[in-house]
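# Remarks on the overall topology
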Amino acid sequence: MPDAYILGIESSCDETAAAVVRSGEQIASNIVFSQIATHQPYGGVVPELASREHLRAIVPVVRKALADAKQTYQSVDALAVTQGPGLAGALLVGISYAKALAFSLDKPLIAVNHLEGHIHAVLLEERQKGNHQFDFPVLALVVSGGHTHLYLAKRREEGWSYQNIGRTRDDAAGEAFDKVAKLLALGYPGGPIIDRLSSHGNPKAVSFGPSQIKHRDRNDRGVPPGDGPRFDFSYSGIKTAVLRYVETHNLQAGVAARRHALLNFKNPKLEDYLACCDRQTLDLVSSFQRAMVEDLVEKTLAAGHAYDVATVFVTGGVAANQELRQRFEQAAALEGLPVFFPSRPLSTDNAAMIAAAAYPKFLVQDFAPMDFSAEAGMGLR
Ligand code: KG4
Ligand code: ZN
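Basis of the calculations
Residues numbered from 1 in each chain as written. Chains lettered and ligands numbered in written order. Predicted model: local features only at pLDDT ≥ 70, side-chain atom pairs only at ≥ 80, totals over all residues. Heavy atoms only, no water. Salt bridge = Lys/Arg side-chain N within 4 Å of Asp/Glu carboxyl O. Helix = DSSP H or I, 4+ residues; strand = E, 2+ residues; numbered from the N terminus. Buried < 20%, exposed > 50% of the residue type's maximum accessible area, 1.4 Å probe, protein only. Donors = N, O, S within 2.8 Å, 3.2 Å for Na, K, Ca; no water. Tetrahedral: all angles 85-135°; square planar, octahedral: opposite > 155°, others 65-115°. Core = buried A, V, L, I, M, F, W, Y, C linked by side-chain atoms within 4.5 Å. Contact = heavy atoms within 4.5 Å. pLDDT = per-residue confidence, 0-100. Expected span 1.5 Å × (residues − 1). Near = heavy atom within 4 Å. Polar contact = N/O pair within 3.5 Å; in protein donor to acceptor, adjacent residues only side chain to side chain. Areas by Shrake-Rupley, 256 points an atom, 1.4 Å probe, with all protein chains shown as cover. Pairing = 2+ DSSP bridges. Axes fitted to C-alpha atoms, helices over the stretch in contact; angles between N-to-C directions.

### Considering the pattern of salt bridges
In this structure the tally under the stated criterion is 14 salt bridges. A salt bridge links R22 to D3, with the nearest nitrogen and oxygen atoms 3.4 Å apart. Residue R22 is located in strand β2 (residues 15-22), and its partner D3 is located in the segment before β1 (5-10); the two are separated by 19 residues in the primary sequence. Between K64 and D68 there is a salt bridge, and its shortest N-O distance comes to 2.9 Å. Taken together, the positions of K64 and D68, both in helix α2 (residues 47-68) and four residues apart, correspond to about one turn of that helix. For D68, a relative accessible area of 35% corresponds to the partly exposed category. Put simply, D171, E175, K179 and K239 are held in one network by salt bridges that share partners.

Printed below as a string of structure tokens:
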């Protein structure tokens, strides 16, 4: 089989991304245009602004991806685009552009599930290192701003099949990081700054009990019936517990002062954050992160046990978290389980993972019809 160059396009949330990947295993280019500066003043992603920014960025981002890869519109073998899940308007920008390109260039177009893309970020980089062998079944934790999903993955012809055995009942893990950072006036997105501040506090200072990170929810609606035990997550309680802690420990004045102080910086550095965080706030941040990390690691490994998996993947924006990576490595090593992460840049949204996930579909000519549309709530099977 000759080399196949796939141009991937990703626009599901607040990153406009394009990449060229050779045969699912070699990144030729990877361009990510982040919209963080646009959404920062609002403390979260504003869907209408996201669509508008995608419209502005998509053409130059795709051009740069082709130029960096020394490819042209004509030379690539296929186009791949994220179909869902994500923001409908944002997805439509990428899909419409990819369809127009595919139609005018007469190239095949492949629709990719964003969650499968995150899983392929791991595969892509392992193949790039020469590792083509994984023991099955694989348990994949996809943990990001919109998702906290556990998938049991098995081999199916050229691709994989997935069984969801866990998901969040309310907030996703990344969403909890973002909301906690917002209520502590630490800016957006919250994950990276909480990650960097956490090592400056005492992770045992504040304890969050099982009532904050609930193991079971009374509301079972929306959860697909499965054949085995489920390992669901819930992170809205811990966000409320942090808010309550702020109120009961009189931290509000400090939060207001920090919000004001950080207005003076366009891109605050770690020292700037540290200068406006007292010990109690650093301890709270550090304890919050520890509780999140422990719950994610504990539930994933418990699921791994229950389903007797051979390999664990951890991927998605929150997989960039330093403490999460360390804790997973330590805990999985004790159990003799190999655990794989993408590199930190490939943990967050990118298009290289979309182009990589498209490759098995390219091999079996699983191409998208021209009338396919965005699927905001797309599941993975
Ligand atoms: O995968 P991603 O880029 O977009 C989604 O598909 O949602 O994930 C973004 C999420 C945000 O919630 C962000 O706060 C979180 O990932 N995140 C982190 C870190 N870097 C990004 N969370 C914890 N620690 C990090 N280092
Ligand atoms: Zn994502």
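### What to know about the coordination of the zinc ion (ligand 2)
Summarising the metal site, the zinc ion (ligand 2) is bound by the protein donors H114 (NE2), H118 (NE2) and D349 (OD), whose distances to it range over 2.0 to 2.1 Å. Note that the zinc ion (ligand 2) binds four donor atoms; their angles at the metal cover 94 to 146 degrees, and the shape is irregular. When the donors of the zinc ion (ligand 2) are listed by position in the chain, the intervening gaps give H-x3-H-x230-D. On the criterion of sequence distance, the pair formed by H114 in helix α4 (residues 114-128) and D349 in the loop between α12 (344-347) and α13 (352-363) is long-range, its members being 235 residues apart. D349 matches H114 in its accessibility class, with the two residues each being buried.

### Quick word on the nonpolar core
Where a protein is soluble and globular, its nonpolar side chains tend to be buried together. Counting 56 residues, the largest nonpolar core has L184, L186, F208, L284, F288, V314 and L324 as the members making the most contacts within it. When sequence neighbours within four positions are dropped, the list of residues in contact with L186 reads A181, I193, L197, R258, Y273, C277 and V285. Counting 26 residues, the second largest nonpolar core, distinct from the first, contains L7, V61, V76 and A102.

### Overview of the confidence of the model for the protein
Averaged over all residues, the pLDDT of the protein equals 94, while 96% of them reach at least 70. Counted against residues more than four places away or in other chains, residues 217-222, with its pLDDT under 50, gives five contacts.

### A few points about helix α3 (residues 88-105)
With 18 residues, α3 should reach 26 Å at 1.5 Å per residue; the first-to-last C-alpha distance of 25 Å fits that figure. Among the residues making up α3, those that are buried are A90, L91, V93, G94, I95, Y97, A98, K99, L101 and A102. Next to the buried residues of α3 lie β1, α2, β4 (78-84) and β5 (109-113). Directly beyond the C-terminal end of α3, a positive phi value near 60 degrees is found at D106.

### Re the site of ligand 1
Of all residues adjacent to ligand 1, which total 18 residues, the nearest are G145, D178, G191, D195 and D349. The backbone of G146 places a nitrogen or oxygen atom 3.3 Å from an oxygen atom of ligand 1. Considering ligand 1 on its own, with 550 Å² of exposed area, one finds that the protein chains cover 91% of that surface. Sorting the residues of the shell around ligand 1 by element identifies α4, α5 (173-183) and α6 (190-198) as the ones contributing at least two each.

### Details of the sheet that holds β4
Read from one edge to the other, the open sheet built from five strands follows the order β3-β2-β1-β4-β5, with strand pairing classed as mixed. In this open sheet, the two strands that pair with only one neighbour each are β3 (26-34) and β5. Along the sheet, successive strands turn relative to each other by an average axial angle of 20 degrees, direction set aside. Pairing of β4 with β5, which is carried by five bridges, proceeds in the parallel orientation. Bridged to V81 within β5 is A111.

### A word on the environment of G317
Mapped onto the elements, G317 comes out in the loop between β9 (311-315) and α11 (322-334). For G317, the residues in contact, after removing those within four places along its chain, are H118, V143, S144, S347 and T348.

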